[in-house]
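If you want the building blocks of each chain, they are given just below.
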Amino acid sequence: MRSMKSETGRKLGFGIISASYMAMDHVRGVKANKHAEVKAICDIDLAKAERVAAEFFIQDYYADYTELLKRDDIDVIIVSTPDQLHAEMTIAALEAGKHVLCEKPMALTIEECKQMIDASERTGKKLMVGQICRYAPGFALAKKLIDDGEIGELFYVESEYAHDYSEAPGVGNWRIDPVRLRHPVLGGGCHAVDLLRWIAGNPYEVTAYANRKVLQSWPVDDCTIAIMRFPQDVIGKVMVSVGCKRAYTMRSVFYGNQGTIIVDNTSPTLTIYKDRISGDTGLFNDVNDQTISISHPVNIRSHNTIDEIKEFVDILLNDDQVRTDGVEGASTAAVCLAIVESASTNQSVRIQYDF
Ligand SMILES: NC(=O)c1ccc[n+]([C@@H]2O[C@H](COP(=O)([O-])OP(=O)(O)OC[C@H]3O[C@@H](n4cnc5c(N)ncnc54)[C@H](O)[C@@H]3O)[C@@H](O)[C@H]2O)c1
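Residues numbered from 1 in each chain as written. Predicted model: local features only at pLDDT ≥ 70, side-chain atom pairs only at ≥ 80, totals over all residues. Heavy atoms only, no water.

**Notes on the packing of helix α6 (residues 110–123) against helix α11 (residues 326–345)**
Running from amino to carboxyl end, α6 crosses α11 at an angle of 175°, the nearest separation of the two axes being 10 Å. The angle between the axes of α6 and α11 places the two elements in the roughly antiparallel class. Of the residues in α11, those touching α6 at I110, C113 and I117 are G326, V327, A330, A333, A334 and L337. For the contact of α6 with α11, the class distribution of residues is eight nonpolar, one polar and no charged. (Axes fitted to C-alpha atoms, helices over the stretch in contact; angles between N-to-C directions. Helix = DSSP H or I, 4+ residues; strand = E, 2+ residues; numbered from the N terminus. Parallel < 35°, antiparallel > 145°, perpendicular 65-115°, else oblique. Contact = heavy atoms within 4.5 Å. Nonpolar A, V, L, I, M, F, W, Y, C, P; charged D, E, K, R; others polar.)

This is the structure in structure tokens:
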């Protein structure tokens, strides 16, 4: 495929499905990009679409998303609707010849993920899954430090998704839909799972436990812990709680044989602990006789849509490979669904990645 810049000679046109809080973050991300512009927005709540269009100076708005798909000046669709709609809308957009940035989680089932991957392959249109934690400055720095060998060889990784959702079932209560269940381990926990997969690779086995002590009216457990085995003999743990009483956190810890990193997407610092070495620079805080720590300031941007959309735009302009493509999104979903299965069956589950 030739680069899109030379193909169209204009900015990439974006159409955004939904006018939700998250969709507005996507609008900001597109508007910050000099190669892209929002052409139209859509929400079944037309008054909401109109309000958001007015706020962000978007010319056109619709209630029916297929109107976006008919427009020749729209190259890319962002799907930011309830998770239950991701597969249907993504496939329709790909088949209409659009590239797609689909919000996480990719879809509710592996079958849906496979259909989305097939649609992208069949149409030759690119599919990116919005695993936005990879763009959180603290997590991106942690990944770089680990890849640079700063903490040596990993032996244990953990991440938690602790987010009080008691007042946020979603417009129309989609987060607690008893018919098309959207488990919080998939919905929000996919952030923590994706972060560990990005850092430590694909886990191959999981054992999980869950309970529901807070959100009694929800159709699913509200707290889950999952213990996993990763490649290279690394072990790991994810905790997901959507009823907990604390500020939103994704506190994550990466233990290597030469150091430890503690980082969060809601904290202004990343801390790295290392063995004391001779010739210390004085930058380090003493922890004890053997261990020193250094705090790196990081920006708090848990929804860094600016860098996420920049990456997608660059990929489209240069016809590059998508990093968080359908297979990546599906792999994260597969781990999440295996965690749910393990907790509900009281059995360890081997995780399959055959998409
Ligand atoms: N990346 C992140 O950190 C993050 C954070 C929050 C939400 N999300 C994801 O973003 C998506 C949206 O979540 P939210 O919290 O903004 O949802 P929300 O419940 O606040 O809003 C959903 C919107 O979708 C609209 N909608 C529903 N059906 C539609 C249809 N058929 N056509 C057009 N519009 C329709 C609703 O009217 C509503 O405005 C979800 O997939 C969610 O998992 C991601």
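**Considerations on the packing of aromatic side chains**
Following the criterion strictly, the structure yields three aromatic pairs and no others. With a centroid separation of 6.0 Å and an interplanar angle of 45°, the aromatic rings of F155 and Y255 are classed as tilted. A residue pair is termed long-range when its members are at least 10 positions apart, and F155 in strand β7 (residues 154–162) and Y255 in strand β11 (residues 252–256) qualify at 100 residues. When its relative accessible area of 43% is taken as the criterion, F155 is described as partly exposed. (Phe/Tyr/Trp six-rings, centres within 6.5 Å; stacked < 30°, edge-to-face > 60°. Buried < 20%, exposed > 50% of the residue type's maximum accessible area, 1.4 Å probe, protein only.)

**Focus on the pairing of strand β2 (residues 36–42)**
The element β2 is largely enclosed, with a buried count of six among its seven residues. Judged from the six bridges that link them, strand β1 (residues 12–17) and β2 form a sheet pairing that is parallel. Note on β2: the bridge partner recorded for I17 is C42. Tracing the backbone out of β1, into helix α2 (residues 21–31) and back to the parallel element β2 gives a crossover that is right-handed. (Pairing = 2+ DSSP bridges. Right-handed = clockwise from strand over helix to strand, strands pointing away.)

**With respect to the nonpolar core**
Within the largest apolar cluster, 77 residues are counted, with the highest numbers of intra-cluster contacts made by L154, V157, F254, I261 and I339. Residues within four places of I261 in sequence aside, it is in contact with A142, L145, I146, I151, S252, V253, F254, L270, T271 and I272. A36, V52, I58 and V76 belong to the second-largest nonpolar core, a separate cluster that totals 29 residues. (Core = buried A, V, L, I, M, F, W, Y, C linked by side-chain atoms within 4.5 Å.)

**Here we look at the pattern of salt bridges**
On inspection of all chains with the given rule, the structure shows 23 salt bridges. Note that E67 and K70 form a salt bridge whose closest N and O atoms lie 3.1 Å from each other. Residues D314 and K310 are paired through a salt bridge, measuring 2.6 Å at the closest nitrogen-oxygen approach. Pair noted here: D314 and K310 are both in helix α10 (residues 305–318), with a separation of four residues, about one helical turn. Residue D314 is classed as partly exposed on the basis of its relative accessible area, which comes to 26%. Here the salt bridges share partners, and the residues they tie into one network are R134, D194, R197 and E328. (Salt bridge = Lys/Arg side-chain N within 4 Å of Asp/Glu carboxyl O.)

**Focus on unusual backbone geometry**
Here the bond from K104 into P105 is cis, since omega is -15°, no more than 30 degrees from zero. Mapped onto the secondary structure, P105 falls in the loop between β5 (99–103) and α6. The phi angle at F57 is positive, at roughly 55°, despite the residue not being glycine. By the secondary structure assignment, F57 is in the loop between α3 (46–55) and β3 (60–62). The backbone phi angle of N173 is positive, close to 60°, even though this residue is not glycine. For N173, the position within the fold is in the loop between β7 and α8 (184–187). The class of N173 is partly exposed, set by a relative accessible area of 39%.

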